[in-house]
Amino acid sequence: TAPELPPPPDGRDAAAPRAIVYVADGRFHLEAAMIANPDVPAFRYDPYSRAFTREHYHHDEMRQARRDAIQAAADPATARFGVILGTLGRQGSVRVLRRALSALEAAGKEYVVVLLSEITPHKLERLEAMAIDAWVQIACPRLSIDWGAQFAKPLLTPYELQVALGAIPWREVYPMDYYAKKSGPWTNYHVEPTTSTTTTPSLDW
């Protein structure tokens, strides 16, 4: 994941040219930076082919697809959520899981927690007996962004879940700041206000 670039420091023209320059032979991490900074031009230098190229991303298509998934999950008929905690490497976050479960409980939604090392359409189809209306995956946000359309049911990120439940508004600049220290409840290091009365769901499964 990649954070949104900070504004220019004091004393600099806010309209001064800025750019992302990425040195690698792929686009995966560059795309995360492009998603979080849609108005900043991006360039890539491939050290193997020695090609320097201007890179583009289909922001409008991505945002529309994610809004459609959120809208489907926000439908009142969506009563039962499957919450996937990724177990591959360090992708899953118990902190984010707890906040997701708290949000679901506050919204009066049923949920089932599933642990998966790999999240694929085939694996979720095999869980049809659980009668899940929408899935939330706490693993890699790009699973939903890049491949969400391949799943039969909405596959939300923790950020999108908060939007679907009406806890936070939709952001036109899609956040990719899952490791930011001062952001929203979808991030690993988010700290709840001390005045919050939200209860923490038990994880004694």
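You'll find the structure just up there.
Just so we're clear, the structure is a prediction, and the values are computed from it rather than from any experiment.

What counts, and at which threshold
- Residues numbered from 1 in each chain as written.
- Predicted model: local features only at pLDDT ≥ 70, side-chain atom pairs only at ≥ 80, totals over all residues.
- Heavy atoms only, no water.
- Pairing = 2+ DSSP bridges.
- Helix = DSSP H or I, 4+ residues; strand = E, 2+ residues; numbered from the N terminus.
- Contact = heavy atoms within 4.5 Å.
- Axes fitted to C-alpha atoms, helices over the stretch in contact; angles between N-to-C directions.
- Buried < 20%, exposed > 50% of the residue type's maximum accessible area, 1.4 Å probe, protein only.
- Right-handed = clockwise from strand over helix to strand, strands pointing away.
- Phe/Tyr/Trp six-rings, centres within 6.5 Å; stacked < 30°, edge-to-face > 60°.
- Lys NZ or Arg CZ within 6 Å of the ring centre and 35° of its normal.

## Here's the deal with the sheet that holds strand 4 (residues 80-86)
Thinking step 1. Reading across from one edge, 5-4-6-7 is the order of the 4 strands in this open sheet, with parallel pairing throughout. Since the sheet does not close on itself, it has two edges, and those belong to strand 5 (110-116) and strand 7 (155-156), each with one partner.
Thinking step 2. Where strand 4 meets strand 6 (residues 134-138), 5 bridges bridge the pair, whose relative direction is parallel. Bridge pairing links Gly 82 to Trp 135 in strand 6.
Thinking step 3. Seen against the sheet, helix 3 (residues 94-106) touches strand 4, strand 5 and strand 6 and runs at an angle of roughly 175° to strand 4.

## Quick notes on the sheet that holds strand 3 (residues 51-55)
Thinking step 1. Strand order across the open sheet formed by 3 strands is 1-2-3, with mixed pairing between neighbours. For this open sheet the edge positions go to strand 1 (20-23) and strand 3, each flanked by a neighbour on one side alone. Across the sheet, the axes of successive neighbouring strands diverge by a mean angle of 20°, strand direction being ignored.
Thinking step 2. Here strand 2 (residues 42-46) runs beside strand 3; their pairing, made up of 5 bridges, is antiparallel. Residue pairing for strand 3: Arg 44 is matched across the bridge by Thr 53.
Thinking step 3. Here helix 1 (residues 28-36) sits on the sheet and contacts strand 1, strand 2 and strand 3; the angle it forms with strand 1, its principal contact strand, is near 170°.

## Quick look at helix 1
Thinking step 1. Within helix 1, 7 of the 9 residues are buried, which leaves the element mostly enclosed by the surrounding structure.
Thinking step 2. Within helix 1, burial applies to Leu 30, Glu 31, Ala 32, Ala 33, Met 34, Ile 35 and Ala 36.
Thinking step 3. Its buried side turned inward, helix 1 meets strand 1, strand 2, strand 3, helix 2 (59-74) and helix 5 (141-147).

## Observations regarding the pairing of strand 6
Thinking step 1. Where burial is concerned, most of strand 6 is hidden: 5 out of the 5 residues are buried.
Thinking step 2. Of the two faces of strand 6, both are covered, the one formed by Ala 134, Val 136 and Ile 138 as well as the one formed by Trp 135 and Gln 137.
Thinking step 3. The parallel pair strand 6 and strand 7 is bridged by helix 5, and the resulting crossover is right-handed.

## Some words on the packing of aromatic side chains
Thinking step 1. According to the stated counting rule, one finds 5 aromatic pairs in the structure shown.
Thinking step 2. With a centroid separation of 5.7 Å and 5° between ring planes, the pair formed by Phe 43 and Phe 52 is classed as stacked.
Thinking step 3. The exposure class assigned to Phe 43 is partly exposed, which follows from its relative accessible area of 23%.
Thinking step 4. Aromatic side chains Trp 170 and Tyr 174 sit 6.1 Å apart centroid to centroid with 65° between the ring planes, which places their arrangement in the edge-to-face category.
Thinking step 5. Take Trp 170: its relative accessible area is 22%, and that puts it in the partly exposed class.
Thinking step 6. Every member of this aromatic cluster is reached through a ring pair, and the members are Tyr 159, Trp 170, Tyr 174 and Trp 186.
Thinking step 7. Positioned above the aromatic ring of Phe 43, the side-chain terminus of Arg 54 is 5.5 Å from the ring centre.
Thinking step 8. Seen from the ring of Phe 28, Arg 142 lies directly overhead, with NZ or CZ sitting 4.2 Å from the centre.

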